[in-house]
Amino acid sequence: RSNLNPEQNELQYTVIGLMSGTSLDGVDLACCIFKKSVQGWSYTIEKAATYPYPASWISKLPKLLKADAFTYAKANSDLGKYFGYLVSSFVNQYKLSPDFVASHGHTVFHQPDIGLTTQIGSGAAIAAECGLPVVCDFRSSDVAYHGQGAPLVPIGDRLLFKDYRFCLNLGGFSNVSYQDNDQTIAFDVCPVNTILNQFARMHGFEYDKGGAIARSGGVDAKLLADLNDLEYYKQSPPKSLGFEWSDENILPLIEDSSLSVPDLLCTFVEHIAVQISLALVSFPPATLLITGGGAKNTYLIERLQAYPRHAITIPSPTIIDYKEALIFAF
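Along each chain, residues carry numbers from 1 onward, in the same order as the chain's sequence is written. In keeping with the predicted nature of the model, local features appear solely for residues at pLDDT of at least 70, side-chain atom pairs appear and are counted solely at 80 or more, and the whole-chain, interface and lining totals rest on all residues. The side-chain values count all of the structure's non-hydrogen atoms but skip hydrogen atoms and water molecules.

1. So, the overall build of the protein
Here a strand is any run of E in DSSP of at least two residues, a helix any run of H or I of at least four, and the numbering for each starts at the N terminus. Of regular secondary structure, the protein possesses twelve helices and 13 strands. Just to be clear, the radius of gyration here is over C-alpha atoms, and the globule rule we use is 2.2 Å times residues to the power 0.38. Here the C-alpha atoms of the protein give a radius of gyration of 20 Å, agreeing with the 20 Å that 2.2 N^0.38 yields for 330 residues. With respect to the three principal axes, the spread of C-alpha positions in the protein is 60 × 50 × 35 Å. Relative accessibility thresholds used throughout: buried, under 20% of the residue-type maximum; exposed, over 50%; partly exposed, between the two (1.4 Å probe, protein chains only). The 330 residues of the protein split such that 50% are buried. In what follows, a contact means two residues having at least one pair of non-hydrogen atoms within 4.5 Å. Counting only contacts in the protein whose residues sit at least 6 apart along the sequence, the fraction spanning at least 24 positions is 68%.

So, in structure tokens, the structure goes:
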């Protein structure tokens with residue numbers, strides 16, 4: 001099909017972006033229309049939906065870090081079929097006609113320092129299930145070229161969200177991108193919902209809605225100091241984080257603390273706020289766009305605002321929830 005609109009002399013694409021975040025809060029699907037004209041790129045999100053993971057996948061995905069090769073390979077195929085089923089349902093429900101699907105997949109291993117990153121959710125299985133072309137495996141080439149495996153979001157931030165100096169995503173991990181002397185800088189700051197959701201589940205909830213549990217706790221000075229002293233935070237970008245790093249560095253400190261769940265959540269929220277403020281403290285005051293599930297954690301946002309430096313913007317719920325799916329489609 002032709003993507004050239006002859007009347008307006010612009011390119012136009014309709015793409016479904018698919019994102020599975022490390023916080024396991026569901027699979028995001030966004031059907032996006034992109035147009036390119038002499039003024040640059042523009043976008044609209046036509047339809048978007050989040051499909052919560054079944055309990056079986058919530059249990060299975062974290063265990064893949066230590067699974068045998070067959071279990072890992074089978075999960076890759078099965079998750080692709082599941083993603084394809086979701087795409088097909090999404091397309092049929094909203095009567096969509098996308099040009100293709102762009103699937104980030106679900107990250108299991110991410111250690112770019114040794115040239116390793118893996119995202120499961122077989123693209124071939126997705127295509128077979130939904131009957132659409134699928135673009136996938138966005139990260140491995142960047143890691144092969146000694147990158148951190150996250151080349152796409154900073155480009156999307158620069159071209160689609162150019163009104164903001166900083167774009168901060170609060171997902172499973174927090175990551176930030178910005179322009180500095182005509183160079184795009186992007187890196188992971190610290191864990192967010194991968195840890196917060198884990199604590200909330202210990203308290204009987206899937207997540208800490210609005211940060212209410214964290215708000216009821218208190219900050220433990222020793223744990224906060226130990227977290228802030230981790231070696232990763234002393235490194236200069238480019239740098240990125242994965243599940244393995246959290247398991248090896250964050251969880252042992254928490255297990256040694258013997259704190260209540262509210263105190264753990266309160267302390268970790270403060271840790272997040274401290275690290276994000278430190279990551280941006282050297283820049284003059286500017287505009288900061290915050291998206292991702294953490295943007296709905298009102299207590300976390302309050303703690304970020306307690307370190308005043310940049311003017312925080314919380315966008316519409318659609319952009320909060322689907323910015324990553326939008327950018328992977330882009």
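2. Topic: helix 9 (residues 243-255)
Remark: the principal bend of helix 9, roughly 30°, maps to asparagine 249, with a proline, proline 252, within the next four residues. Within helix 9 the residues assigned to the buried category are Phe243, Glu244, Trp245, Ser246, Ile250, Leu251 and Ile254. Buried positions along helix 9 lie against strand 6 (106-111), strand 10 (173-180), strand 11 (183-191), helix 6 (193-202), helix 8 (221-228) and helix 10 (261-280). Think of it this way: the bend at a residue is just the angle between two axes, each fitted to seven residues, one set ending at that residue and the other starting at it.

3. A closer look at the packing of aromatic side chains
Stacked, tilted and edge-to-face are the three classes assigned to paired rings of Phe, Tyr and Trp, where Trp is represented by its six-membered ring and a pair needs centres within 6.5 Å; plane angles under 30 degrees give stacked, over 60 edge-to-face, the rest tilted. For the structure on display, the rule yields 14 aromatic pairs. Between phenylalanine 34 and phenylalanine 330, the ring centres sit 5.3 Å apart and the planes meet at 45°, which makes this aromatic pair tilted. Of this pair, phenylalanine 34 sits in strand 3 (residues 27-37) while phenylalanine 330 sits in the segment after helix 12 (317-329); the two residues are 296 residues apart in sequence, bridging distant segments of the chain. Taking the relative accessible area as the measure of exposure, phenylalanine 330 reaches 28% and is therefore partly exposed. On the basis of an interplanar angle of 70° and a centroid distance of 5.4 Å, the ring pair of phenylalanine 90 and tyrosine 94 is categorised as edge-to-face.

4. Brief notes about the sheet that holds strand 10
We call two strands paired when DSSP finds no fewer than two bridges between them. Strand order in the open sheet formed by five strands is 11-10-9-12-13, and the pairing between neighbours is mixed. Of all strands in the sheet, those with a lone pairing partner are strand 11 and strand 13 (311-313), marking the two edges. Strand after strand, the sheet turns through a mean of 20° between neighbouring axes, direction not considered. For strand 12 (residues 287-291) and strand 13, the ladder comprises three bridges, and the chain directions are parallel. Considered in strand 13, the bridge of threonine 287 is made with alanine 311. In this analysis an axis means a line fitted to C-alpha atoms, helices contributing only their contacting stretch, and an angle means the value between N-to-C directions, from 0 to 180 degrees.

5. Observations concerning the pairing of strand 11
In the sheet, strand 10 pairs with strand 11 via eight bridges, with the strands oriented antiparallel. Residue phenylalanine 173 lies in a different strand from strand 11, and its bridge partner there is proline 191. What sits between the antiparallel neighbours strand 10 and strand 11 is a turn of two residues, in which asparagine 181 has the positive phi angle 55°.

6. Thoughts on the pattern of salt bridges
We count a salt bridge whenever a side-chain nitrogen from Lys or Arg sits within 4 Å of a carboxyl oxygen from Asp or Glu. Under the criterion given, the structure shown has nine salt bridges. Residue aspartate 78 is joined to lysine 74 by a salt bridge in which the shortest nitrogen-to-oxygen separation is 2.9 Å. Here aspartate 78 and its partner lysine 74 are both found in helix 2 (residues 69-94), four residues apart, which amounts to about one turn of the helix. Among the residues examined, aspartate 78 registers a relative accessible area of 23% and is labelled partly exposed. Classification of lysine 74 by relative accessible area gives partly exposed; the value is 41%. In this structure, aspartate 229 and lysine 234 form a salt bridge, with 3.4 Å as the shortest nitrogen-oxygen distance. In this structure lysine 234 comes out as exposed when scored by relative accessible area, which is 51%.

7. Some details on the pairing of strand 9 (residues 166-170)
With five of its five residues buried, strand 9 lies for the most part within the structure. Burial of strand 9 is two-sided: the residues Phe166, Leu168 and Leu170 facing one way and the residues Cys167 and Asn169 facing the other way are all buried. Pairing of strand 9 with strand 10, which is carried by five bridges, proceeds in the antiparallel orientation. Looking across to strand 10, one finds that leucine 168 is bridged to valine 176. In sequence, strand 9 turns back onto strand 10 through a hairpin of two residues. Relative to strand 12, strand 9 is paired through four bridges, and the arrangement is parallel. Along strand 12, the bridge assignment pairs cysteine 167 with leucine 289.

8. A word on the environment of alanine 214
In this structure, alanine 214 sits in helix 7 (residues 212-216). Taking C-alpha positions, alanine 214 is 32 Å from isoleucine 120, a pair spaced 94 residues apart along the chain.

Scope: geometric values only; no functional claims are made or implied.
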